[in-house]
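Descriptive structure summary
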Amino acid sequence: MGTDDAFAELGLASGASQGEVKAAWRRLASQWHPDRNGSADAVVRMQRINQAFEEIRRAGFSAPSSSSEPSAADHDAPASHPPTDPTTGHAEQDAGETAFDDDTATRRQRRPIHRKVKLSLEEAAAGCIKVLRGKLTQTCATCEGAGHQVLGGNCARCGGSGAVHKRSFFGWPTGTAECEACLGGGIARQPCAACRGSGKTAARAYQVKVRIPAGVRHGDLLHVDGRRLRPERLAADLEIRIELLPHAFFTLDDDGTLRCEIPVDGFAWLAERPVPVPTLAGLRPLQPSRSRVSYCLEGQGFPTARGGAHGDQWVTLVPVFPQQLSTDQQILLDQLCATTSGAGGRGVDNRLDAWRRGLRAWERGLGG
Ligand SMILES: [Zn+2]
Ligand SMILES: [Zn+2]
């Protein structure tokens, strides 16, 4: 019975308030209870009224319509003991415990299992397989999740009125309260023996492998059909939210461009020594040039779209020089400068010669 049907069974519009539901149920229960109603369909009718009440109660009174989806917060509670993922060595994501309905003929399940998967940039770029572990509980088949079974007959606690007298500390009656034994219905019920009143089966551990496609981004949602999972099928689908872990070197632009800054020995950079550069595919040597610090590694970036071609990687070299020079270094640098700037030194290139001439002409103009 869907929630809309349940409201209809009680003669209410979908989204009726808790008070309206309880009042309608009490009225119908007193009308149709087999103890009070001798008609042939009283038992069946009473069962349907009870089912409808349980369905609405289970869906939550605040639910405005037939939507009984739980909020994601129900499922994203972090696990206290995250197991380790053997395929990657990464700590496993929140192994939440998730409730979902039985795989019945009418509905396979209604709630997907919400999971978060944390990926390194390398894993996200190449795609990977993640092992997800968690626990599932299923709705108890015996009581259909209600946690109790309706026995029929008047509730022993309240005698069928649905209300009990509250008493003050001194034993004086101080009004009435809803009977907890029958939830105000006045009909005898007992906790379900199969599920010990919880409405759910005992949590069962699951472990599935999920293929993460190449090129997923932070915040992406992957919907995985639970029936296609291996090594075991799940009766619920998985809704996986991707989280990209911050990277030690790389930042990622929206267009798939990957950027990294690499500090290099300034002298080695002047000498144009190759620099080992990290890429998503591993280290590769970069041949620097003294004339520039930025380099584009074409096609070495992140996929521009899921499963698409890779963007570029931009590498910026940051030449680093010693704060304090040793005497030897100072002597060597003085010698080096003398080769270009000192008496008899050879100019570095035409740009510098032109600049020097222009500077002298400008200075003369100021003096005149
Ligand atoms: Zn049960
Ligand atoms: Zn009662």
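**Section: the overall build of the protein**
When its secondary structure is counted, the protein shows 7 helices and 16 strands. In the protein, buried positions account for 23% of the 368 residues. Intrachain contacts of the protein at a sequence separation of at least 6 include 60% that bridge at least 24 residues.

**Remarks on the sheet that holds strand 9 (residues 221–224)**
Backbone hydrogen bonds are what pair the strands of a sheet, in a parallel or an antiparallel way. The strand order across the open sheet formed by 3 strands is 2-10-9, and the pairing between neighbours is mixed. Edge positions in the sheet fall to strand 2 (113–119) and strand 9, since each has one partner strand and no second. Here the strands of the sheet are splayed against their neighbours by 25 degrees on average, with no regard to which way each runs. Pairing geometry for strand 2 and strand 10 (residues 238–244), over 7 bridges, is parallel. Within strand 10, the residue paired with Arg115 across the bridge is Ile240.

**Examining the nonpolar core**
If you look at the biggest cluster of nonpolar residues, it comprises 20 residues, and the most contacted ones within it are Ala124, Ala125 and Ile212. Every element with two or more residues in this core is listed here: strand 2, helix 4 (121–126), strand 3 (128–138), strand 8 (204–212) and strand 10. Residues in contact with Ala125, not counting those within four places in the same chain, are Ala214, Gly215, Leu280, Phe302 and Pro303.

**A closer look at helix 7 (residues 350–367)**
Over its 18 residues, helix 7 runs 26 Å from end to end, which matches the ideal 26 Å to within 8%, given 1.5 Å per residue. Burial within helix 7 is sparse, with just 0 of its 18 residues counted as buried.

**Here's the deal with the sheet that holds strand 15 (residues 294–297)**
Pairing within the open sheet is mixed, and its 4 strands lie in the order 11-12-16-15. Edge positions in the sheet fall to strand 11 (251–252) and strand 15, since each of these pairs with one other strand and no more. Bridge analysis of strand 15 against strand 16 (residues 313–320) gives 4 bridges, and the strand direction is antiparallel. What sits directly across from Leu297, in strand 16, is Gln313.

**Some words on the pairing of strand 13 (residues 275–279)**
As paired elements, strand 13 and strand 14 (residues 282–286) share 5 bridges and run antiparallel to each other. The residue of strand 14 that forms the bridge with Val277 is Arg284. Hairpin remark: strand 13 followed by strand 14, antiparallel, with 2 residues in the connecting loop.

**Some points on the pairing of strand 10**
Of the strand pairs in this sheet, strand 9 and strand 10 are connected by 4 bridges, and their pairing is antiparallel. Bridge pairing in strand 10 links Leu222 to Ile240.

**With respect to helix 6 (residues 327–340)**
Look at helix 6: 21 Å from first C-alpha to last across 14 residues, which is about the 20 Å you get at 1.5 Å a residue. In terms of residue burial, helix 6 counts as a barely covered element, since only 0 of its 14 residues are buried.

**Quick look at unusual backbone geometry**
Positive phi values are uncommon outside glycine, yet Arg196 reaches one of about 55 degrees. Examined against the element boundaries, Arg196 turns out to sit in the loop between strand 7 (187–191) and strand 8. With 12 C-beta atoms counted inside 10 Å, the residue Arg196 sits in the exposed group. Unlike most non-glycine residues, Glu272 shows phi in positive territory, near 55 degrees. Inspection of the secondary structure puts Glu272 in the loop between helix 5 (266–270) and strand 13.

**So, the confidence of the model for the protein**
Parts of the model with low pLDDT should not have their predicted coordinates read in detail. Chain-level statistics for the protein give a pLDDT mean of 80 and a share of 84% at 70 or above. Note that residues 62–108 has pLDDT below 50 and, in this model, 83 contacts with residues that lie over four places away or in other chains.

**Observations regarding the packing of helix 2 (residues 18–32) against helix 3 (residues 42–59)**
Running from N to C, helix 2 and helix 3 cross one another at 165 degrees; their axes reach a closest spacing of 10 Å. Classed by the angle they form, the pair helix 2 and helix 3 counts as roughly antiparallel. Here helix 2 and helix 3 pass one another in a crossing that is left-handed. Across the interface between the two elements, Val21, Trp25, Leu28, Ala29 and Trp32 of helix 2 pack against Ala42, Arg45, Met46, Ile49, Phe53 and Ile56 of helix 3. Along the lines of polarity and charge, the residues of the contact of helix 2 with helix 3 split into 10 nonpolar, no polar and 1 charged.

**Considerations on the environment of Ser30**
Within the secondary structure, Ser30 sits in helix 2. Sequence separation between Ser30 and Ser161 is 131 residues; the distance between their C-alpha atoms is 9.5 Å.

Reading the values: the criteria
- Residues numbered from 1 in each chain as written.
- Chains lettered and ligands numbered in written order.
- Predicted model: local features only at pLDDT ≥ 70, side-chain atom pairs only at ≥ 80, totals over all residues.
- Helix = DSSP H or I, 4+ residues; strand = E, 2+ residues; numbered from the N terminus.
- Buried ≥ 20, exposed ≤ 12 C-beta atoms within 10 Å, placed from the backbone.
- Contact = placed C-beta atoms within 7 Å.
- Pairing = 2+ DSSP bridges.
- Axes fitted to C-alpha atoms, helices over the stretch in contact; angles between N-to-C directions.
- Core = buried A, V, L, I, M, F, W, Y, C linked by C-beta atoms within 7 Å.
- Expected span 1.5 Å × (residues − 1).
- pLDDT = per-residue confidence, 0-100.
- Parallel < 35°, antiparallel > 145°, perpendicular 65-115°, else oblique.
- Left-handed = near helix turned anticlockwise from the far one by under 90°.
- Nonpolar A, V, L, I, M, F, W, Y, C, P; charged D, E, K, R; others polar.

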